[in-house]
Amino acid sequence: MPGASGSRFWIFVFLFPFLVLYGGFTVWPLLATAYYSLFNWDGIQPLTDFVGLGNYQKIWADPIFWLALKNTLVFAVAETAIKLPLTLVVAVLLTRRWLLFKSFFRTVFFLPVILPVALAGLVFTYLLNPSNGALNAFLVDHNLVHTPIDLLGHGNTALIAIILVATWQIFGQYMVYWMAALQNVPEELYEAADLDGAGELQKLWHITLPLIRPVAIIITLLAIVNALHVFGVVVTLTSGGPGQASYTVSYFIYNEAFSEAPFRYGYGSAAALLFAVLAFVFVSGQAVLARGALRRRQEYGV
Amino acid sequence: MAVAAGEAGEQVTLERPRQTHRLKRLDRSVYLNLVAVPVLLLISFFWAYPFLWTISTAFKTQLGAFTAGASLVPHPLELGNFARAWVTAGFSNYTANSFIYAVSSTLVELIKSALCGYVLARYRFPGRDLLYKIIVLTLFVPIVSIVIPQFVLIEHLGLLNSRLGVILAQSGGAGALYVLLFTGFFENLPQELFDAARVDGAGFLQTFWLMLPLARPIIAVVVIFQFVYSWNDFTIPLIFTLGQPNLQNLAVGMLYFQGTHTFDWTGFAAGILMSFTPVLLVFLAFQGYFVRGLAGAVKG
């Protein structure tokens, strides 16, 4: 690597746009969130009402925050557990050489990705509504149920609906991630396995999975982090309801800080920082696993 | 609808001399297709049902949509939904905003992360290792955890309720992953390339211009990631354009639209159809690049 002697000016120019935006919109906000969380602040008055750890004490005793956190974790784990295996199976299937109409099926699975998730939520509020939505019309017409089900009207089923709609919307994106990972698996290995008479499941288990494991861990990390952010689909599908049954952390913070006056920036910031720390711990646990897998990959020279 | 090539796992294989083998293979593939294709078609129907519903509702009358149940046949047919959605409901405005935000924030992300990633990968300067470590540490910061100070900052800059404010917020918080992708790529370029450029008398800028086209797979990934993120983004446009319908993107605008009128479902469906179609065409054209670009990115 060359030294900085003749290029110092250009190095600075190249770094400048990133440093300004990154400093202003990521690093400083992280520090400021920590600072705001020590105050009782509505964002309008001067920042003078220092309360120390008072906001954190309030959060500790706030059942809605813990409900929101529980919902977020349930959502993240369930959505990831559903979408990752299914998208992998579909990606493997849609990259088989023998399959007909591949492009058509890929397009169908990819379609919802380009529908903004909030619009997807709105479409589903209609399809799932108990009075004249398509789901209940179908179920009642075929005598599968007698009274329409109100999926979005009950706490537990509302969260399930959010998980399923979010999975449907993001499915194509993870399918494409897996398809990219599968491109790096040499086709000759499958040919050899075919000659040995291996079935599709055996090939998946003994060839595909071991080879894509390092990438699989990165995809899993991305999946969990993105799932922890869940917001738009909650707003449009249930508005956190019924009551507060389907609150997530994003929705909780949005509500505290921006939804209606008096805005509670200090309290929202405390929740935001706590969430960032919890997310970091959750994700770095995964990252430790990732490092182990990468080391194994080098040991075996794959 | 045809999807551009990007056929994973379809490299050319060696010609197999044994005729019996080839026949057996052919038999097997016919059999597998007979099982897989009908199952996939059935799943596809349910998977695409919300889209089919949207298409058919766009051609229904208000009453027809209300009483249709699960039926997809628009009867009687109504064509006025499109004009109403585009003009009265403001879909033209929301779609334009969605495009402006997506294109601008993608450009900003691309430029800043390519420049920074290149320098991080190829040059030593004071604070380089520290910067790299901070970027890795902030890779997984949830956006809601930093959005309150972002809001305060945008407000202080006088950019609240402006397009620039949304673009800055969208492209300021998301760049860590992209920088790492570019750094990884440029680090792995062979040193001989750079030596050759120096021998030819290329300076700092010229060398960068020579190397940048090599990073095409990473550029494709960043463009598609950021475009999809911005196009689908709900959080930032919602918070940074509170109560300013003329600045909202599709996702946020529709929520407000739902709140203020008796919801016009047929107009809504027509609006989705019109704003969705151009994006769909763009993505069909680039899907192949997407898969190949990602494959290149994860290999590096």
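For every chain, the first residue of the written sequence is number 1, and numbering continues from 1 along that sequence. Lettering for chains starts from A, numbering for ligands starts from 1, and both go in the order in which the items are written. It should be noted that, the model being predicted, local features are given only for residues of pLDDT at least 70 and side-chain atom pairs only at 80 or more, the latter also being counted only at that level, while totals for whole chains, interfaces and linings use all residues.

As for the overall build of chain A
Phase 1: Looking only at helices and strands, chain A features 12 helices and zero strands.
Phase 2: Along chain A, helices (α) and strands (β) appear in the sequence α-α-α-α-α-α-α-α-α-α-α-α when read from the amino end.
Phase 3: Expressed as lengths along the three principal axes of its C-alpha atoms, the size of chain A is roughly 75 × 75 × 30 Å.
Phase 4: The 302 residues of chain A split such that 43% are buried. Runs of H or I in DSSP of at least four residues are treated as helices and runs of E of at least two as strands, each being numbered from the N terminus. Exposure is read from a count of other C-beta atoms within 10 Å of each residue's own; the residue is exposed at 12 or fewer, buried at 20 or more and partly exposed in between. C-beta atoms are placed from the backbone.

Section: the overall build of chain B
Phase 1: Broken down by element type, chain B carries 14 helices and zero strands.
Phase 2: The secondary structure elements of chain B, listed N-terminal to C-terminal, are α-α-α-α-α-α-α-α-α-α-α-α-α-α.
Phase 3: For chain B, with 300 residues in total, the buried portion stands at 42%.
Phase 4: Considering only contacts in chain B between residues 6 or more positions apart, those separated by 24 or more positions represent 78%. We call two residues in contact when the distance between their C-beta atoms, placed using the backbone, is within 7 Å.

A look at the confidence of the model for chain A
Phase 1: In the predicted model, chain A carries a mean pLDDT of 85, and the fraction of residues at 70 or more is 94%.
Phase 2: The score called pLDDT rates the predictor's confidence residue by residue, from a low of 0 to a high of 100. Here helix 12 (residues 265-300) of chain A stands out as the element of chain A with the lowest mean pLDDT, 79, in contrast to helix 3 (residues 63-94) of chain A, whose mean of 93 is the highest.

Some remarks on the confidence of the model for chain B
Residue and element names in this part refer to chain B.
Phase 1: Per-residue confidence for chain B gives a mean pLDDT of 82, with 88% of residues at or over 70.
Phase 2: Within chain B, helix 13 (residues 250-260) has the poorest average pLDDT of any element, 74, and helix 4 (residues 91-122) the best, 93.
Phase 3: Below a pLDDT of 50 lies the segment residues 1-16, which in the model reaches 34 contacts outside its immediate sequence neighbourhood of four places, other chains included.
Phase 4: Across the assembled chains, the prediction reports ipTM 0.83 with pTM 0.84.

Side note on unusual backbone geometry
Phase 1: Here the phi dihedral of Asn143(A) falls at roughly 55 degrees; this positive angle occurs in a residue that is not glycine.
Phase 2: Structurally, Asn143(A) can be placed in the loop between helix 6 (134-141) and helix 7 (155-183).
Phase 3: Of note, the phi angle at Asn161(B) is positive, near 55 degrees, even though the residue is not glycine.

A word on the interface of chain A and chain B
Phase 1: At the interface, 89 residues of chain A touch 81 residues of chain B.
Phase 2: It is helix 1 (residues 8-36) of chain A that provides the largest number of residues to the side of chain A that touches chain B, a total of 17 residues.

A few points about the nonpolar core
Phase 1: Put simply, a nonpolar core is buried Ala, Val, Leu, Ile, Met, Phe, Trp, Tyr and Cys residues tied into one set by C-beta atoms within 7 Å. Grouped together as the largest cluster of nonpolar side chains are 165 residues, with contacts concentrated most on Leu119(A), Ile162(A) and Phe182(B).
Phase 2: An automatic or database domain assignment supplies the residue ranges for each domain. Taken domain by domain, this core gets at least three of its residues from each of domain 1 (19-82) and domain 2 (89-263) of chain B.
Phase 3: Not counting the four nearest positions on each side in its chain, Ile162(A) is found in contact with Phe75(A), Val233(A), Val234(A), Leu237(A), Thr238(A) and Ser246(A).

Here's the deal with the packing of helix 1 of chain A against helix 4 of chain B
Phase 1: It is at 8 Å that the axes of helix 1 of chain A and helix 4 of chain B come closest, and there the two elements cross at 130 degrees. Viewed along their axes, helix 1 of chain A and helix 4 of chain B adopt a mutual orientation that is oblique. The interaxial crossing formed by helix 1 of chain A with helix 4 of chain B has left-handed handedness. Across the interface between the two elements, Ile11(A), Phe14(A), Leu15(A), Pro17(A), Phe18(A) and Leu21(A) from helix 1 of chain A touch Ile111(B), Lys112(B), Ser113(B), Leu115(B), Cys116(B), Tyr118(B) and Val119(B) from helix 4 of chain B.
Phase 2: Under this grouping Gly is polar, as are all residues other than the nonpolar Ala, Val, Leu, Ile, Met, Phe, Trp, Tyr, Cys and Pro and the charged Asp, Glu, Lys and Arg. Classifying every residue of the contact of helix 1 of chain A with helix 4 of chain B by side-chain character gives 11 nonpolar, one polar and one charged. Lines are fitted to the C-alpha atoms to define the axes, a helix being fitted only along its stretch in contact, and any angle between axes, read from their N-to-C directions, falls within 0 to 180 degrees. We call two directions roughly parallel when the angle between them is under 35 degrees, roughly antiparallel when it is over 145, roughly perpendicular when it lies between 65 and 115, and oblique otherwise. In this scheme the crossing of two helices becomes right-handed for a clockwise turn of the near helix relative to the far one and left-handed for an anticlockwise turn of less than a right angle.

Digging into helix 8 (residues 176-187) of chain B
What sets the pattern is the α-helix's 3.6 residues per turn: residues three or four places apart point alike.
Phase 1: What a helix should span is 1.5 Å times the count of its residues minus one. For helix 8 of chain B, which comprises 12 residues, the first-to-last C-alpha distance of 16 Å matches the rise-based estimate of 16 Å (1.5 Å per residue) to within 8%.
Phase 2: Every buried residue of helix 8 of chain B is accounted for by Ala176(B), Tyr178(B), Val179(B), Leu181(B), Phe182(B), Thr183(B), Phe185(B) and Phe186(B).

Here we look at the environment of Phe75(A)
All names here are of chain A.
Phase 1: Examined against the element boundaries, Phe 75 turns out to sit in helix 3.
Phase 2: Between the C-alpha atoms of Phe 75 and Ile 163, which are 88 residues apart in sequence, the distance is 6.1 Å.
Phase 3: Once residues lying within four places of it in the same chain are set aside, the contact partners of Phe 75 are Leu 159, Ile 162, Ile 163, Ala 227, Val 230 and Thr 248.

Focus on helix 6 of chain A
Phase 1: For helix 6 of chain A, the complete set of buried residues consists of Ala134(A), Leu135(A) and Asn136(A).
Phase 2: Positive backbone phi, approximately 55 degrees, marks Asn143(A), located one or two places after helix 6 of chain A.

Quick notes on the environment of Gly172(B)
Phase 1: Residue position: Gly172(B) is located in helix 7 (residues 163-172).
Phase 2: The spacing of Gly172(B) and Phe227(B) is 55 residues in sequence and 14 Å in space, taken between C-alpha atoms.
Phase 3: Not counting the four nearest positions on each side in its chain, Gly172(B) is found in contact with Leu21(A), Gly24(A), Phe25(A) and Thr26(A).

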